[in-house]
Amino acid sequence: MPYGTTKGDSVSTPETAATIWELVEARAEATPDAVMLIAESGATSTCAQLRDDALATAAGLAAMGVGENTPVTWQLPTTIDAIVVSLALARLGALQNPILHIYRERELGVAIRRTRPELVIVPGEWMGTDFAAMAGGVIDSLDGDHRPTLLSLAEGRPTGDPSTLAPFTAPDDPATTVRWIYYTSGTTSEPKGVRHTDATLLAGGRGLAAAVDLGPDDIGSMAFPYAHIAGPDYLIMCLHSGFPFVLIEAFNPPNAVATYNEHGVTMIGGSTAFYQMFLAEQAKTPGEKFIPTLKLISGGGAPKPPELAARIRDEIGVPVCHGYGMTEVPMISQGSPTDTFEQLANTEGAPVPGCEVRIVAEDGTEAPTGSEGEVRLKGPMVFLGYTDDEATAAAFDDDGWFRTGDLGILREDGHLALTGRLKDVIIRKGENISAKEVEDLLFTHPKVGDVAVIGLPDEERGERVAAIVERAEGTDDLTFAEMSAHLNEAGLMTRKIPEQLEVVDALPRNETLRKVLKFKLRETYAEVPWTPAPR
């Protein structure tokens, strides 16, 4: 198969592959007949079929002019087609720009204007949205002469004869050859283009694989968008370890659980919001595990209150292995089923292999073990910088460590515990208050379904502490007196107890991992008249 050979005419193993395409080939050689992808419809793709479909699609795309370094924007839902197209582009060495399928004209327009792709790939009509019409409108609105070609997969993937492909040649240095541009969600600022290589994504996926420690007898699940940075993270983990996963196009808890049971899934996950939905599903079958084959729940993307880990252990009967990653560094630390419950409940796990973590105090010195400071990172999974040089310069310190903007503690046992965001520290009358500390305590109240604690401008205090509580299902509103009593009983100092309480039906969230959008809350409540409640 000359069109499939790797550099030097030798085939890598899943453990040694230096590029994502080499990993695909290595897995196909190692276990050709093993299933790798399972669609909700029941359609499957074996490891060899996945490779062969990607090669045929690569030939079809090559006939359209796609080759090495060709910028391609694709906006596809979590389907087998999306993964095949992505791997076909990896085979060609294209510069990929994945866009979440939940985004609309504004976000798609930002990506196309900044990336200037030669080709834009969309699914046609999906879930009531005509993606071809939407992308076509964005392309028509572009200024200047640049007009990318629009490819709709409504009629299927483009295909061609793989024998027309030149032999695959890996870059001389996969660690420095940018092959991916992801845009940050823009939840706190304008989206930034994040530059990744195959090597950075491989390091992240292999780190995840090492932590969760699953094998060929397991079955995973992807209920989040494949176009998210966690998509290749998860795919690489499964290709590396050799186990299949179920793809969920649009997450609906009862339907997803039925699909998981149909295929005997052993690992499910998402973010904290997903964990809560799984607990609600478990409550429908008390005394009986809602997914009998389930071994563990894994996820990340949002803070995890320790109480939630305890509920999952007690009600579902499996560990929750929470991790820490971001668009810039897809895998930083990850809980493992070999961790103790205390570690799983109170940390984001140990740093994954290759990830160096430094905790930096406010004065710029390295904080002692067990002390809080900003989390800074080095390692093969760290991105190569933003598409904006000024943003890149601001993101790294003078020693080359990436500034995450997150606050955390590196414990004596080597596990990393996040304590908040630098921008999420509320400064009330000159005293620093951790929003996460208050949130974790409030989350344990039975009337609290979820909670966000924010700082709001205040003439007297500088900032006042406001708790925005999402009402727990089947309860009435938490009162200010109940909140204060609960936090007092938990031992929280009076000065940290929120001055303001708002109860809402639902907190604003993004549509990927359901992360609470605190900037929306600050916008909503900054100008709302407020009267201090009696203490």
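Residues numbered from 1 in each chain as written. Predicted model: local features only at pLDDT ≥ 70, side-chain atom pairs only at ≥ 80, totals over all residues. Heavy atoms only, no water.

Trainee: For the side chain of Thr177, give the residues involved together with the corresponding values.
Mentor: Relative to the helices and strands, Thr177 resides in the loop between strand 8 (149-152) and strand 9 (178-183). Sequence-distant contacts of Thr177, that is, excluding residues within four places in its chain, are made with Pro171, His196, Thr197 and Asp198. (Helix = DSSP H or I, 4+ residues; strand = E, 2+ residues; numbered from the N terminus. Contact = heavy atoms within 4.5 Å.)

Trainee: Give a description of the pattern of salt bridges that names residues and reports values.
Mentor: Within this structure, the stated rule accounts for 25 salt bridges. Here Arg311 and Glu315 are joined by a salt bridge, their closest N and O atoms 3.0 Å apart. Placement of the pair is Arg311 and Glu315 together in helix 10 (residues 306-316), with a separation of four residues, close to one helical turn. By relative accessible area, which is 31% here, Arg311 ends up partly exposed. Each of Glu29, Arg51 and Asp52 takes part in salt bridges that share partners, so that together they form one network. (Salt bridge = Lys/Arg side-chain N within 4 Å of Asp/Glu carboxyl O. Buried < 20%, exposed > 50% of the residue type's maximum accessible area, 1.4 Å probe, protein only.)

Trainee: Would you mind going over the pairing of strand 21 (residues 416-421) in detail, with residue names and values included?
Mentor: Burial analysis of strand 21 places five of its six residues in the buried class, which makes it a mostly covered element. Relative to strand 21, strand 20 (residues 402-410) runs antiparallel, the two sharing five bridges. Paired with Leu407 across the bridge in strand 21 is Gly420. Hairpin geometry of strand 20 and strand 21 is characterised by an intervening segment of five residues between the two adjacent antiparallel strands and by a positive phi of about 85° at Gly414. (Pairing = 2+ DSSP bridges.)

Trainee: Before we move on, could you go through the sheet that holds strand 15 (residues 320-324) and cite the residues and values that matter?
Mentor: The strand order across the open sheet built from five strands is 13-14-15-16-17, with neighbouring strands paired in mixed fashion. Strands at the two margins of the open sheet, each flanked by one partner only, are strand 13 (267-270) and strand 17 (350-351). Inspection of the sheet shows strand 16 (residues 333-334) paired to strand 17 by two bridges, in the antiparallel sense. Paired with Ser333 across the strands is Pro351, a residue of strand 17.

Trainee: Mind laying out the environment of Val24, listing which residues take part and the relevant values?
Mentor: The residue Val24 is located in helix 1 (residues 20-30) in this model. Linking Val24 and Leu235, residues 211 residues apart in sequence, is a C-alpha distance of 10.0 Å. Excluding residues within four positions of it along the chain, Val24 makes contact with Arg51, Leu87 and Leu239.

Trainee: Give a description of the sheet that holds strand 21 that names residues and reports values.
Mentor: Read from one edge to the other, the open sheet built from four strands follows the order 18-19-20-21, with strand pairing classed as antiparallel. Since the sheet does not close on itself, it has two edges, and those belong to strand 18 (356-360) and strand 21, each with one partner. Strand-to-strand twist of the sheet, defined as the mean angle between neighbouring strand axes without regard to direction, takes the value 50°. (Axes fitted to C-alpha atoms, helices over the stretch in contact; angles between N-to-C directions.)

Trainee: Outline the pairing of strand 3 (residues 71-74), listing residues and values.
Mentor: Burial along strand 3 is two-sided: the residues Pro71 and Thr73 and Val72 and Trp74 are all buried. Handedness of the crossover joining strand 3 and strand 4 (residues 95-98) through helix 3 (residues 80-92) is recorded here as right-handed. The pairing of strand 3 with strand 5 (residues 119-122) spans three bridges and is parallel. Residue Val72 lies in a different strand from strand 5, and its bridge partner there is Leu119. (Right-handed = clockwise from strand over helix to strand, strands pointing away.)

Trainee: Explain the environment of Phe243 residue by residue, including any values.
Mentor: With respect to the secondary-structure elements, Phe243 resides in the loop between helix 7 (230-241) and strand 12 (245-247). Given a relative accessible area of 0%, Phe243 falls into the buried group. Expressed as a C-alpha distance, the spacing of Phe243 and Pro286, which sit 43 residues apart in the sequence, is 30 Å.

So, to be careful, I would describe these as geometric facts and stop short of saying anything about function.
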